[in-house]
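The residues making up each chain are set out below.
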Amino acid sequence: MAETQAIIVGAGPTGIITALGLARSGIDVTVLERAPGIVDSPRAMVYHWSVLAGLDELGILQDAQKLGFKKQDYCYLVYRTGERIEWNLKDLVAHTPFAYNLHLGQNKLAEVALSHLLQLPNAQVHWNTQVTGLAQDEYGVTVTAEQNGQPRVFTADRVIGSDGARSRVRELLGQPFEGTTWPERFVATNIRYDFEQHGYARSTLMIDSQFGAIIAKIDESGLWRCTYCESSDLPEEQVLERMPAFFKEILPGVTNYELVQYSPYRMHQRAAKQFRVGRVVLAGDAAHATNPTGGLGLTSGLFDAYALYPTLTAVMRGEADDSVLDQWAEERKQTFLQIASPQASENKRLIFHSSDPVRLDQDLQTLRRLSSDKAFRMERLLFSRRLATAPIVPHHYFQGVSQ
Ligand SMILES: Cc1cc2nc3c(=O)[nH]c(=O)nc-3n(C[C@H](O)[C@H](O)[C@H](O)COP(=O)(O)OP(=O)(O)OC[C@H]3O[C@@H](n4cnc5c(N)ncnc54)[C@H](O)[C@@H]3O)c2cc1C
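Residues numbered from 1 in each chain as written. Predicted model: local features only at pLDDT ≥ 70, side-chain atom pairs only at ≥ 80, totals over all residues.

Concerning the pairing of strand E10 (residues 141-147)
Examined bridge by bridge, strand E9 (residues 129-136) and E10 share 7 bridges and lie antiparallel to one another. By the bridge assignment, glutamine 136 is partnered in E10 with valine 141. Hairpin geometry of E9 and E10 is characterised by an intervening segment of 4 residues between the two adjacent antiparallel strands. With 7 bridges connecting them, E10 and strand E11 (residues 150-161) associate as antiparallel partners. Considered in E11, the bridge of valine 141 is made with alanine 156. Count of turn residues in the E10/E11 antiparallel hairpin: 2 residues, of which asparagine 148 carries a positive phi of about 50°. (Pairing = 2+ DSSP bridges. Helix = DSSP H or I, 4+ residues; strand = E, 2+ residues; numbered from the N terminus.)

Quick word on unusual backbone geometry
A negative phi holds for most residues other than glycine; trans holds for most peptide bonds. Here asparagine 128, not a glycine, exhibits a phi torsion of approximately 50°, which is positive. Within the secondary structure, asparagine 128 is located in the loop between strand E8 (123-126) and E9. With 16 C-beta atoms counted inside 10 Å, the residue asparagine 128 sits in the partly exposed group. Phi angles above zero are rare outside glycine, and asparagine 148 is one such case at about 50°. (Buried ≥ 20, exposed ≤ 12 C-beta atoms within 10 Å, placed from the backbone.)

Some thoughts on the packing of helix H7 (residues 297-316) against helix H8 (residues 323-352)
At a closest axis distance of 10 Å, the pairing of H7 and H8 adopts a crossing angle of 170°. On the basis of their axis angle, the class for H7 and H8 is roughly antiparallel. Contact residues: H7 offers Ser300, Asp304, Ala307, Leu308, Thr311, Leu312, Ala314 and Val315, while H8 offers Val324, Leu325, Trp328, Arg332, Phe336 and Ala340. Taken together, the residues that form the contact of H7 with H8 break down as 10 nonpolar, 2 polar and 2 charged. (Axes fitted to C-alpha atoms, helices over the stretch in contact; angles between N-to-C directions. Parallel < 35°, antiparallel > 145°, perpendicular 65-115°, else oblique. Contact = placed C-beta atoms within 7 Å. Nonpolar A, V, L, I, M, F, W, Y, C, P; charged D, E, K, R; others polar.)

Regarding the pairing of strand E15 (residues 223-231)
Bridge count between strand E12 (residues 177-192) and E15: 9 bridges; the pairing is antiparallel. Pairing of arginine 185 across the sheet is with glutamate 230, part of E15. Relative to E15, strand E14 (residues 213-217) is paired through 5 bridges, and the arrangement is antiparallel. The residue of E15 that forms the bridge with alanine 213 is tyrosine 228.

Digging into the sheet that holds E15
Strand order in this open sheet of 8 strands is E6-E5-E13-E14-E15-E12-E16-E19, and the pairing throughout is mixed. Two strands in the sheet have a free side with no partner beyond their single neighbour: strand E6 (84-88) and strand E19 (288-289). As defined by bridge partners, strand E16 (residues 258-272) adjoins E19 across 2 bridges and the pair is classed as antiparallel. If you follow arginine 270 over to E19, its bridge partner there is alanine 289.

Structural notes on the sheet that holds strand E7 (residues 101-103)
Read from one edge to the other, the open sheet built from 3 strands follows the order E3-E7-E4, with strand pairing classed as antiparallel. Each of the sheet's edge strands pairs with one partner strand only, and the pair in question is strand E3 (46-47) and strand E4 (69-71). The sheet contact formed by E4 and E7 spans 3 bridges and is antiparallel. Bridge assignment links lysine 71 to a residue of E7, and that residue is asparagine 101.

Quick look at the site of the ligand
Of all residues adjacent to the ligand, which total 36 residues, the nearest are Gly10, Gly12, Gly164, Gly284 and Gly297. If you list the elements that add at least two residues to the shell around the ligand, you get helix H1 (13-24), E9, E12 and H7. The biggest single contributor to the shell around the ligand is H7, with 4 residues. Partitioned by chemical class, the residues of the shell around the ligand number 16 nonpolar, 14 polar and 6 charged. (Near = placed C-beta within 6 Å.)

Notes on the nonpolar core
Counting 112 residues, the largest nonpolar core has Ile16, Ala19, Ala113, Val159 and Val169 as the members making the most contacts within it. Per-element accounting of this core gives the leading share, 11 residues, to H7. If near-sequence neighbours (up to four positions away) are discounted, valine 159 is found in contact with Ile7, Val9, Leu134, Val141, Val143, Val169, Arg279 and Val280. (Core = buried A, V, L, I, M, F, W, Y, C linked by C-beta atoms within 7 Å.)

Below you can see the structure in the form of structure tokens.
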């Protein structure tokens, strides 16, 4: 008899939110996380309107909104000419009560979800617990881990590998991570400086083949994110030394900004060959990794979670057979490969690699329609919803479960 019904490997946002969905559906969950707490490296911070109903259903949207802020406006800024193409999400009010994006560091979102999870009697989280091994048979899954340097064994009926792009679970399943790694390095910085004072919109996509950047306000405390791109031939250990030259260019005359955090990243367009192997499924970055231009990475991870927890609950209650997990896996993989990944690659090309003036001119003509052409704007606004897939079984498990 397994100790718990579901082990979730990784307490990133995908793992914690999947755990919360399962636990609220009455499933016993155990989360194993190698870090001592929620990891706070500078990563996702924009949640598209389309994921907010899912957060609301889990009962965490209001708390998340208290820590972050709602935002409707966007701006493409052409660095060389200063042209601004501005548009917003207001037209969405006819489609959703959540006609805005939420800005909030992903660590804060995970902390909100964690605080709700820990209120449930059927959920536990083990920190400092690094999964090292996994074996499965017809009766269950045995997970081996190092907990504070000591070996530990856990057993479960099912395992969810949500342990990020370098997933150990994926590796233990022998699943190749198919696709490509970009030659560039992205540098994500968290900066305390009021970029709005300097003319930047709260979501600025700055188009330039040298100074392309994503500049966005993270929260109301004055924290902003600026992510730029550099050749990965440049030595990574000197990222910090090169950084002032970049900020001198985008914030001329400004020296009083405070660098709060930064992290270099290699970027990928990759997906696991299979998202399900027997009793184990992969979700979030463990299943698929994309470059972050346009914020489609965690968006995809959240949609994995929203479709997974009702589907897995139905299987674990004996109300559906395992084939629904294969269907979930295939739908999530194809959505990533056919929609999320190509769009993220296109976003990256536009923002960071617009060196061909003829192509840039064509791109700008298209982007200008965002301000002037409502039908075109709606098509763009509704795009992120295409990354969602419905649960394979109807979701009715929260009935009677308190938030
Ligand atoms: C600069 C940048 C900006 C981004 N901005 C956005 C954005 O605005 N919107 C968006 O949608 N996406 C964005 N993304 C993508 C987003 O950050 C990822 O998609 C997201 O982190 C995936 O969440 P996850 O929970 O699947 O994995 P992770 O966040 O990577 O979490 C994995 C967890 O597993 C733990 N772990 C790893 N190995 C083990 C092990 N062996 N045992 C136990 N625990 C383990 C890790 O410590 C970690 O806590 C951005 C990414 C970057 C780099």
